[in-house]
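Single-letter residue listing:
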Amino acid sequence: MATNNAHKLEEIRQILGEAYTVKGLADIGCHEDIPETADTLEGNALQKARYVSERYGVDCFADDTGLEVSALGGAPGIYTARFGAMNGYGESHDAKANIRCLLDQLEGKSDRRARFRTAIALIQGGKEYLFEGIVEGTILEEERGDEGFGYDPVFAPVEAGGKAFAEMSAEAKNEISHRGRATQKLVAFLRH
């Protein structure tokens, strides 16, 4: 998997179980900062997968995930990991800063609908494939729970009855999450 994000690797490994061994970038000696300059989640996922495939000669997959908030016109979208930093809240990839920024921007807004969307790009045998997973939900007014990572303390998926992702076990989250859904499509393809 074209990532150095330990949380993503662990989540993917849990979803795939023992049927697959998933290696991250460090496992193949890739320590570069892979560019993500596309204007879509799919484009970013493909860009990362192509980078690894071309430079390291291995089949791989990469994902890009975006939080799309209705009241913010679909933002932060492709800027999800850098949302806080782009708006003067902390450093890039700072989950707490991202959450503070998001909650501040939604202050006083009644429309708190949001969705997480994951695009997974797979390069296998020189061919490219895309898989998508979406989970609908709402942004809570305050953080809840200690599990997960990123925006999990403020995102409540529709299927969770008001619980934030951060209040769910990893197994429960993976059953309904955007990444879980995209990964299940990837797994179904790989087993075909």
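Structure report, in brief. (Residues numbered from 1 in each chain as written. Predicted model: local features only at pLDDT ≥ 70, side-chain atom pairs only at ≥ 80, totals over all residues. Heavy atoms only, no water.)

## Regarding the pairing of strand 3 (residues 113-124)
Line of reasoning, step 1. Burial analysis of strand 3 places nine of its 12 residues in the buried class, which makes it a mostly covered element.
Line of reasoning, step 2. Two elements, strand 1 (residues 60-69) and strand 3, share 10 bridges in a ladder whose sense is antiparallel. The residue bridging Val69 from the neighbouring strand is Ala114, located in strand 3.
Line of reasoning, step 3. Here strand 3 pairs with strand 4 (residues 127-139) via 12 bridges, running antiparallel. Opposite Ala114, over in strand 4, you have Gly137 as the bridge partner.
Line of reasoning, step 4. Two successive antiparallel strands, strand 3 and strand 4, enclose a turn made up of two residues, where Gly125 displays a positive phi of approximately 60°. (Buried < 20%, exposed > 50% of the residue type's maximum accessible area, 1.4 Å probe, protein only. Helix = DSSP H or I, 4+ residues; strand = E, 2+ residues; numbered from the N terminus. Pairing = 2+ DSSP bridges.)

## Side note on the packing of aromatic side chains
Given two aromatic rings, their pairing is described by the distance between the two centres and the angle made by the two planes.
Line of reasoning, step 1. Under the criterion given, the structure shown has five aromatic pairs.
Line of reasoning, step 2. Put simply, the rings of Phe116, Tyr151, Phe155 and Phe165 pair up and form one aromatic cluster.
Line of reasoning, step 3. Between Lys173 and the ring centre of Phe165, over which it is positioned, the NZ or CZ distance is 5.3 Å. (Phe/Tyr/Trp six-rings, centres within 6.5 Å; stacked < 30°, edge-to-face > 60°. Lys NZ or Arg CZ within 6 Å of the ring centre and 35° of its normal.)

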